[in-house]
Amino acid sequence: MTDEQPLTKTLDFQLDIQSDNEGLLYDATLEARRVYNETIRLAKDGVDWDVIPDRVADDANLVKNTTQRVVAKALGAMENYYEYDGFNQPSHTKDGAYPLRANYEEGYNLSLTDDGDVAFRISAKPYKHVKGVLKGDGAHLDILKTALESDKWKIGTAEALFHNENAELHVNVTNTEQTVRDKQDSRTVVGVDVNEDNVALTALSGDGVEGTLVIDFPEIKFERHRYFTMRKRVQNAGKDSIHDTLEGREERFVRDRLHKVSHHIVEWSGQFEKPCIVFEDLKEMRDSIDYGTRMNRRLHHLPFRALQYYTSYKASFEGIPTGWINPEYTSQRCPMCGHTERANRNKKRFKCKNCEHQDHSDRSASVNIAVKGIKKHQDWNVPALNSLPQVRKVRRQASGAVDAPTVTHPTVRGYQADGRVGVSY
Ligand SMILES: [Zn+2]
């Protein structure tokens, strides 16, 4: 397979609604739920799919093409069920909000303001608009502002929805000049294990492990803890404005460092043949399953999604695809024999209770992530792993330059700091 995919990104924003009618938007998402349910119900009743859109649109209290987008999404879910799935039939009896899906310049509109913000206007109901400005991550806002001003980007559909009772807008943008290689057409899978103070990368091809790099960034952890203490102090003193200033500074610091780390990940991955970068999908984890204290600590200490997002974004500009895998057991499984047990791992040390294989625990996790990436996305087999190459460690300094490794660990099979100064790749 050699298909090239268009470079499409979904940008997430919070809605700062200034037209004082948040309730109208919420009502519209309830109406979208009714439209979705009605579509599914008619499809289950055997009504011809060609007549469903008009039939549903006649009764819907939404902008017409917004109704059509919601109907199309519901029919897409039914089609998926019939063609690929065969179980998990879409429900037509759920209640609550459903994302309001709208076409750009029809159901919603965006514009740059004189203040440098992005203003939105969502047609929640016919002739009734919700207006305000978008808030959110700087990286997402930067791309959207570029897209609004450049011919190279096309703004597509968006979804207005409520997440934890906050109104959000998720906007699809496509770069019309850049393409990304299909991830199924990869020869190397790079597993990325993100931690509070480092990220571990392992490149795995059909021949075995091509390399492992651990990028340490202890200053991110250090600065986050330092800012946390400072913010607590001024908060207790009732100085909210200073608190907000500190929060802004911390965010800029962390974002800047994460950009550098993500650049490094992409650069390192790019040396391998047809790479695909694979992350753990942490999206649903916070609410759903208890993955143990390690995972909970990781979730609260680092903006994982930001690092994943920056990396994925930078990779796509190099034509490198990215994939996501289920994070279950990635830190407990032995990459050599497959034995999976929580006790295999003790902080940064991994020692298999079955085969006694020892390793840097974050490297083990990155191998497992790469293995899952191959199983999920590739049509070639995971190679048998008999030995693993040495872990190379580098450290990101505050200047952004890469410096000598600073940690020396006891040498165990397949794992030692290599004492190299700088990086060569
Ligand atoms: Zn083992």
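These numbers were taken from a predicted model, which means no experiment stands behind them. (Residues numbered from 1 in each chain as written. Predicted model: local features only at pLDDT ≥ 70, side-chain atom pairs only at ≥ 80, totals over all residues.)

> Where do I start with the overall build of the chain in this structure?
On a plain count of helices and strands, the chain comes out with nine helices and 17 strands. When each of the 425 residues of the chain is scored for burial, the buried share is 36%. (Helix = DSSP H or I, 4+ residues; strand = E, 2+ residues; numbered from the N terminus. Buried ≥ 20, exposed ≤ 12 C-beta atoms within 10 Å, placed from the backbone.)

> What is the right way to read the packing of helix α1 (residues 22–44) against helix α2 (residues 52–59) from this model?
Helix-helix packing is described using two parameters, namely the angle between the two axes and the distance between the axes. At a closest axis distance of 10 Å, the pairing of α1 and α2 adopts a crossing angle of 140°. For the element pair α1 / α2, the angle class is oblique. By crossing handedness, the relation of α1 to α2 is classed as right-handed. Within the contact between the two elements, α1 uses Val35, Glu38, Thr39, Leu42 and Ala43 and α2 uses Ile52, Arg55 and Val56. When the residues that make up the contact of α1 with α2 are grouped by side-chain class, the tally is five nonpolar, one polar and two charged. (Axes fitted to C-alpha atoms, helices over the stretch in contact; angles between N-to-C directions. Parallel < 35°, antiparallel > 145°, perpendicular 65-115°, else oblique. Left-handed = near helix turned anticlockwise from the far one by under 90°. Contact = placed C-beta atoms within 7 Å. Nonpolar A, V, L, I, M, F, W, Y, C, P; charged D, E, K, R; others polar.)

> Got a minute to help me understand the confidence of the model for the chain in this structure?
Interpretation of this model should avoid reading the predicted coordinates in detail wherever pLDDT is low. Residue-level pLDDT values for the chain average 85, and 87% of them are 70 or greater. Taking the mean pLDDT of every element in the chain, the minimum, 42, falls on strand β17 (residues 402–403) and the maximum, 97, on strand β3 (residues 108–112). Contacts from residues 398–425, a stretch scored under 50 in pLDDT, to residues over four places away or in other chains number 44 contacts. (pLDDT = per-residue confidence, 0-100.)

> So what exactly am I meant to see when it comes to helix α5 (residues 218–236) here?
In an α-helix, one turn spans 3.6 residues; hence positions three or four apart end up facing the same way. Look at α5: 27 Å from first C-alpha to last across 19 residues, which is about the 27 Å you get at 1.5 Å a residue. Downstream of α5 by a residue or two, Gly238 has a phi angle that is positive, lying close to 75°. (Expected span 1.5 Å × (residues − 1).)

> Sorry if this is basic, but what is going on with the sheet that holds strand β13 (residues 345–346) here?
Read across the open sheet, the three strands follow the order β13-β14-β15; overall the sheet is antiparallel. With one partner strand each, in any of the chains shown, β13 and β15 (358–360) form the two edges of the open sheet. Taken together, the two bridges between β13 and strand β14 (residues 349–351) define a ladder with antiparallel strand orientation. Considered in β14, the bridge of Asn346 is made with Arg349. The strands touched by helix α9 (residues 361–377) within the sheet are β13, β14 and β15, with β15 carrying the most contacts at an inclination of about 90°. (Pairing = 2+ DSSP bridges.)

> Got a minute to help me understand the packing of helix α6 (residues 240–269) against helix α8 (residues 304–317) in this structure?
It is at 8 Å that the axes of α6 and α8 come closest, and there the two elements cross at 45°. In terms of their interaxial angle, α6 and α8 are classed as oblique. Read as a crossing pair, α6 and α8 show a hand that is right-handed. Together, Arg255, Leu258, His259, Val261, Ser262, His263, Ile265 and Val266 of α6 and Ala306, Leu307, Tyr310, Thr311, Lys314 and Ala315 of α8 make up the contact between the two elements. Classifying every residue of the contact of α6 with α8 by side-chain character gives eight nonpolar, four polar and two charged.

> Please clarify how helix α4 (residues 138–149) should be interpreted in this entry.
The terminal C-alpha atoms of α4 lie 17 Å apart, and with 12 residues this matches the ideal 16 Å at 1.5 Å per residue to within 8%. Among all positions in α4, only His140, Leu144 and Ala147 are buried. The buried residues of α4 occupy an angular sector of 60° when projected down its axis, which confines them to one face. Counted as exposed and oriented over 90 degrees from the buried face of α4: Gly138, Asp142 and Glu149. (Arc of directions from axis to C-beta.)

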